Amino acid sequence: MDRKLTYETKGLNLVLKELSAFFTGIAKNNFTVEFFTVFVPIIILWEALPRLGVVPPTLVPPPSVVAETFWDLLVNHDLIGHVGISLLRFFLGLAVAIVTAIPIGILMGWNMFLRRHALPLFQILAPIPSPAWVPITIILLGIGLPMQVFLVFLGVFYPVLFDTYQGVKDTDPRYIASARVFGASELTLIKRVYLPNALSFIVMGVKIGIALGLVMLIVSEMVGAHSGIGWLLVESKDFFRIDRMVACMLTLGFIGWFLIEVMKYIEIKLALWKVGR
Amino acid sequence: MIEARKITKFFPVINPQGLAEGITAVLSVSLKVEEGEFVAVVGPTGCGKSTFLEIMAGLQAPTEGEVYIDGKLVLEPLPSTRKEIEIYQRKYRFLSPIANDLWRDIPKSDIAMIFQDYAVFPWMTALENVFFTLTLRRVPKGERSYLARKYLNLVGLSGAENKYPSQLSGGMRQRVALARALSVEPKIILMDEPFAAVDALAREKLNEDLLSIWQSMKKTIVFVTHDINEALYLADRVVVFSPQPGTVRNIIPVNLPRPRKRASREIGELRERIWQIYQYDATGEIIDYVI
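What counts and how
- Residues numbered from 1 in each chain as written.
- Chains lettered and ligands numbered in written order.
- Predicted model: local features only at pLDDT ≥ 70, side-chain atom pairs only at ≥ 80, totals over all residues.
- Helix = DSSP H or I, 4+ residues; strand = E, 2+ residues; numbered from the N terminus.
- Rg over C-alpha atoms; globule rule 2.2 N^0.38 Å.
- Buried ≥ 20, exposed ≤ 12 C-beta atoms within 10 Å, placed from the backbone.
- Core = buried A, V, L, I, M, F, W, Y, C linked by C-beta atoms within 7 Å.
- Contact = placed C-beta atoms within 7 Å.
- Pairing = 2+ DSSP bridges.
- Axes fitted to C-alpha atoms, helices over the stretch in contact; angles between N-to-C directions.
- Nonpolar A, V, L, I, M, F, W, Y, C, P; charged D, E, K, R; others polar.
- Left-handed = near helix turned anticlockwise from the far one by under 90°.
- Domains from an automatic or database assignment.
- Expected span 1.5 Å × (residues − 1).
- Bend = angle between axes of the 7 residues up to and from the residue.

### Comments concerning the overall build of chain B
Secondary structure summary: chain B contains 8 helices and 10 strands in total. Computed over the C-alpha atoms, the radius of gyration of chain B is 20 Å, within 12% of the 19 Å expected from 2.2 N^0.38 for a compact globule of 291 residues. Principal-axis analysis of the C-alpha atoms places the extent of chain B at approximately 60 × 55 × 40 Å. Classification of the 291 residues of chain B by burial places 38% in the buried group.

Here's what the structure looks like:
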């Protein structure tokens, strides 16, 4: 019991340490002096131009108004709930896509026999723009969680699949040969050679997948949902609330940026061996 | 004992005119390497000596001929008739013939190979690289750390266990490769220009360390290099390859006692002799063909 307790504190300490490293990393890499020299004038201009009447304030809400609206959305219109349901849809789609795309990509990159069977199919399906799937998905799956998750899945699946495939396929044959000489089985090769080699490609694919997945999330919520950020955005349009639309857009931008930062951190953690280069 | 019988390797390539063409990389090479022998293979660049080594390691199938290691066939030769090709393709349509097994590691205790570069995995530290082969050998977990450190010490890498290959110099990386090769306790070590990318001073040190390891552990070593001096300093026999297609041009025994001196007269004479063979092959002129 005692030992378990110390273990848990250790785990918690580790989590806290990682979190602090993550956030200091974000702060150091993004909020630099150079960034603020660009960012602050833009904010000042954005605030000043509508207030001075250079651009109509009804069409361009200044940041102070957007901040007010954001607070109003947060307190009175359950913004957190909308963000939550959007993130649920997004992460379900992302998870399904990652869990399916990475193994298929590895198998296609590893084996010529499987590649010849599967790759042409994906190469024909992939160029179909994901939003083109929206009408048929609504008819087949109806409006609801499965449809939104499927559309996010479509956005994430192909970039992750092709990047994984490329990373595994491009493994230097000499690495494979040097493992085979020692008698490594194909399973060991996949686990210890192909996968570590493809890791940075996979993370890159997931990054692109996150961007495309967010696109598909908003598309799916705009046409087939009664909650979520995308729905809030469309509803704001119907009420001509530009300030709300801007607040929603900024929220989306923040979510995307934050997820990419998380992926960068994961990449550094996983591909530690590349850092020294 | 390694016995290569009439190894021929033929590659189809596309020539600059866009036409299919054949290149014979290795032509009818027979070579016998006795147990505990140190054989060096030299030859001009692109003469197929690396291909020959990979065929001996079982990483490429020969077009013709067989390699036997202790009387055991390494890889069956490629098919030649249309019917044979069909059978071969059906047999290996899922897994390539050089793959070991789908699920099970089959540790090869008879052979280890060291490449010029890309030999150690950059995503593993020096220690993990040795762990990799120890795991393949199914060494129990408790002994791995001790054994890995032992082999790293043997090649003079104590203190660099937890460094990634990118943090090591070229010479140290090859030392990791050597430790990894030794860790499987092989009878035969095949080395494919292992020290070509290492600076001259580090190479001399590596040569000496390799010799002392070879003398103390009684391994059979086949050492491919393009450096005649290195070959003469290390080997019992030097196999000279001709330019493409690679054939055995000459086998020169180096009956000099060890430790040898790099600048000694005997080595100088042998080097001159090999150099003349090179010259003759390149230009067709006999310069001073005394021997």
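### Quick notes on the nonpolar core
Across soluble globular proteins, nonpolar side chains have a tendency to be buried as a group. Within the largest apolar cluster, 129 residues are counted, with the highest numbers of intra-cluster contacts made by A40, M56, V130, L190, V222 and F223 of chain B. Leave out the neighbours within four places in its chain, and V222 of chain B touches V33, V39, V41, L53, M56, L190 and M191 of chain B.

### Some points on the sheet that holds strand 10 (residues 248-253) of chain B
Strands belonging to one sheet form pairs held by backbone hydrogen bonds; the direction of such a pair is parallel or antiparallel. Residues and elements named next belong to chain B. Strand order in the open sheet made by the 6 strands is 6-7-8-3-9-10, with mixed pairing throughout. Only two strands of the sheet have a single neighbouring strand rather than two, namely strand 6 (111-114) and strand 10. Geometrically, the sheet is characterised by an average inter-axis angle of 15° between neighbouring strands, direction not taken into account. Sheet analysis places strand 7 (residues 188-192) next to strand 8 (residues 220-224), joined by 5 bridges and oriented parallel.

### Here we look at the environment of E204 of chain B
Residues and elements named next belong to chain B. By the secondary structure assignment, E204 is in helix 6 (residues 200-217). Its 16 C-beta neighbours within 10 Å are what place E204 among the partly exposed residues. In sequence terms E204 and K49 are 155 residues apart; their C-alpha atoms lie 22 Å from each other.

### Describing the interface of chain A and chain B
Listed by partner, the interface residues are 21 residues for chain A and 32 residues for chain B. For the side of chain A that touches chain B, the elements supplying multiple residues, two or more each, are helix 8 (173-181) and helix 9 (186-223) of chain A. Looking at the side of chain A that touches chain B residue by residue, the classes come out as 10 nonpolar, 5 polar and 6 charged.

### Brief notes about the environment of V120 of chain B
All names here are of chain B. Structurally, V120 is set in the loop between strand 6 and helix 3 (126-136). Spatially, the C-alpha atom of V120 lies 25 Å from that of G36, the residues being 84 residues apart in sequence. Residues contacting V120, with those up to four places away along its chain left out, are N129, P165, R173, V176, A177 and R180.

### Concerning the packing of helix 3 of chain B against helix 4 (residues 141-154) of chain B
All names here are of chain B. Between helix 3 and helix 4, whose axes approach to 9 Å, the crossing angle comes to 115°. In this structure, the crossing between helix 3 and helix 4 has a hand that is right-handed. Residues A126, L127, V130, F131 and L134 of helix 3 lie in contact with helix 4, whose contacting residues are R144, L147, A148, Y151 and L152. Residue composition of the contact of helix 3 with helix 4, grouped by class: 9 nonpolar, no polar and 1 charged.

### Some details on the domain arrangement of chain A
All names here are of chain A. Its domain assignment divides chain A into domain 1 (22-57) and domain 2 (61-272). A straight line from the C-alpha centre of domain 1 to that of domain 2 covers 28 Å. Contacts between the two partners involve 9 residues from domain 1, matched on the other side by 6 residues from domain 2. Among the elements of the structure, helix 1 (2-30) and helix 2 (33-52) are those that each provide at least two residues to the side of domain 1 that touches domain 2.

### Structural notes on helix 5 (residues 112-125) of chain A
Residue and element names in this part refer to chain A. Under the 1.5 Å per step criterion, the end-to-end length of helix 5 is 20 Å for 14 residues, consistent within 8% with the ideal 20 Å. Roughly 35° is the biggest bend found in helix 5, and it falls at A118, with proline P120 one to four residues downstream. Where burial is concerned, little of helix 5 is hidden: 0 out of the 14 residues are buried.

### Some thoughts on the pairing of strand 3 (residues 38-42) of chain B
All names here are of chain B. Along strand 3, 5 of the 5 residues are buried, which leaves the element largely enclosed by surrounding structure. The two faces of strand 3 match: F38, A40 and V42 on one face and V39 and V41 on the other face are all buried. Relative to strand 8, strand 3 runs parallel, the two sharing 4 bridges. Looking at strand 8, one finds that V39 is bridged to V222. Sheet topology note: the strand 3/strand 9 (residues 237-241) ladder contains 4 bridges and is parallel. The partner of V39 across the bridge, within strand 9, is R237.

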